[in-house]
Amino acid sequence: MKSLLGSSIKDLETVALNYGEAPFRGRQIYNWIYNFRNKNKNIDQIDVLPLDFRKKLSDDGFKISELSLKEKNLANDGTLKLLLSTSDNESIECVGIPTEKRLTVCLSSQIGCPMDCRFCATGKEGLKRSLKASEILDQILFIENEMNRKVTNVVFMGMGEPLLNIDDLLLSIRSINEDFQISQRKITVSTVAIPKMINKLSEKSFQILGKCQFTLAISLHASNQKIRETIIPSAKNYEIKNIIEDCKKYVRDTGRRVSFEYLMLSGVNDKLEHANELCNLLKGFQCHVNLIQYNQIDEVEFKRASLKNLQIFQSTLSNQSIAVSLRKSRGLDKNAACGQLRQNARGK
Ligand code: SF4
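This is a predicted model, so every value here is computed, not measured. (Residues numbered from 1 in each chain as written. Predicted model: local features only at pLDDT ≥ 70, side-chain atom pairs only at ≥ 80, totals over all residues. Heavy atoms only, no water.)

**Considerations on the overall build of the protein chain**
Inference 1: Check the secondary structure of the protein chain and you find eleven helices and 14 strands.
Inference 2: Relative to the 2.2 N^0.38 estimate, which gives 20 Å for 348 residues, the radius of gyration of the protein chain is 21 Å and therefore close to what a compact globule would have.
Inference 3: Overall size of the protein chain, expressed as C-alpha extent along the three principal axes, is 70 × 45 × 35 Å.
Inference 4: Considering only contacts within the protein chain whose residues lie at least 6 apart along the sequence, 70% involve residues at least 24 apart.
Inference 5: The centroid of the 51 positive side-chain charges in the protein chain is displaced by 4 Å from the centroid of its 40 negative side-chain charges. (Helix = DSSP H or I, 4+ residues; strand = E, 2+ residues; numbered from the N terminus. Rg over C-alpha atoms; globule rule 2.2 N^0.38 Å. Contact = heavy atoms within 4.5 Å. Lys, Arg positive; Asp, Glu negative; His and termini not counted. Charge placed at Lys NZ, Arg CZ, Asp CG, Glu CD.)

**With respect to the pattern of salt bridges**
Inference 1: The full count for this structure, using the stated rule, is 15 salt bridges.
Inference 2: Measuring nitrogen to oxygen at the nearest pair gives 4.0 Å for the salt bridge that ties E21 to R25.
Inference 3: E261 is the partner of R327 in a salt bridge, and the nearest nitrogen-oxygen pair spans 2.2 Å. Taken together, the residues span a long stretch of sequence, with R327 in strand β14 (residues 323–327) and E261 in strand β12 (residues 258–264) at a distance of 66 residues.
Inference 4: Look at R327 and you get partly exposed, because its relative accessible area is 28%.
Inference 5: We classify E261 as buried; its relative accessible area is 3%.
Inference 6: Several salt bridges converge on common partners, so that one network encompasses D88, R129 and E135. (Salt bridge = Lys/Arg side-chain N within 4 Å of Asp/Glu carboxyl O. Buried < 20%, exposed > 50% of the residue type's maximum accessible area, 1.4 Å probe, protein only.)

**Points about the site of the ligand**
Inference 1: Not every one of the eleven residues close to the ligand is listed here, only the nearest: C113, C117, C120, G123 and G160.
Inference 2: Its residues assigned to classes, the shell around the ligand shows seven nonpolar, three polar and one charged. (Near = heavy atom within 4 Å. Nonpolar A, V, L, I, M, F, W, Y, C, P; charged D, E, K, R; others polar.)

**Notes on the confidence of the model for the protein chain**
Low-confidence regions, as indicated by low pLDDT, have predicted coordinates that should not be scrutinised in detail.
Inference 1: Confidence along the protein chain averages 91 in pLDDT terms, with 93% of residues attaining 70 or more.
Inference 2: Within the protein chain, the element-level pLDDT minimum falls on helix α11 (residues 340–347), averaging 47, and the maximum on helix α5 (residues 166–178), averaging 98.
Inference 3: Considering only residues more than four positions removed or in separate chains, one finds that residues 332–341, a stretch of pLDDT under 50, has 43 contacts.
Inference 4: Low pLDDT, under 50, characterises residues 344–348; the predicted model gives this stretch seven contacts beyond four residues in sequence or across chains. (pLDDT = per-residue confidence, 0-100.)

**Observations concerning the pairing of strand β11 (residues 215–219)**
Inference 1: With respect to burial, β11 is a largely interior element, five of its five residues being buried.
Inference 2: The pairing of strand β10 (residues 187–191) with β11 spans four bridges and is parallel. Across the sheet, T188 pairs through a bridge with T215, a residue of β11.
Inference 3: In this sheet, β12 lies alongside β11 in parallel orientation, the contact comprising four bridges. Residue L216 lies in a different strand from β12, and its bridge partner there is V258. (Pairing = 2+ DSSP bridges.)

Laid out in structure tokens, this is it:
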């Protein structure tokens, strides 16, 4: 099966030429996929193309997309979570988070995840495989079609560790930027941090995309190495101080600010002493800290930090001139935590 999603205008002109068609036929496919964002994703339905060309493409295994909708969950605040089936019968999640002006989509980059973070539902089931760029992009089309509006912002914060799928991650970012016409500045790549991969991300981004303007968000979740290792087992391979150094180099190389994600876990990392420790760690570094309320899942012992601890933490950082914001949970009432919808569906 060959998915056309993720193909550039040049790629599609080449496909047309290879079938003895004029290049404008390739541009018609391009418009169908990206400009019209048509709900009909079968090649047969691209009615601007001659019938015999459509038939040849279908017979040769071309498809626009390979995913299908399995389940959807709409929360009271409008957040929509989709469970999508892949052609090999696995499932992935994506989430649409609307506000008045924006529609942010949270994308998965892998089926499952090998990182095994202890607070995460996805990590419980290990990695099945990485997603192809076309499968990453298809999540955007599904959210747009279900929510009937265009996506404005993209975050790679769904299932999987994006930096372990770096080639398809960057291929999909190319397409999001050039084909879906979403600025790189409106794209965020979130990682738990893999040794050497922060440098590699900026290097490869400059090589493949010619620029590196998306936001890098590091899932730090701890103010010291010891706590980090208790909640993220892979952290033992990458000292927290080395992560910060690599992030500083990333900022120098790209000119982009780095965000640090900090999941507030009651009794684990939410005390005043942790806030002060985090301030010392980030002192003098132009960065941004996102404090996140935890969505509890049944299988693990972690609890959501109290609002009071959250506020003290936030004001401690703010008083020491560290840019900080509080990310409110969205769609909490509908299996909002990463990997929960997929896990519930498998348990049925
Ligand atoms: S939090 Fe992210 S990196 Fe960690 S196990 Fe879950 S999906 Fe993987």
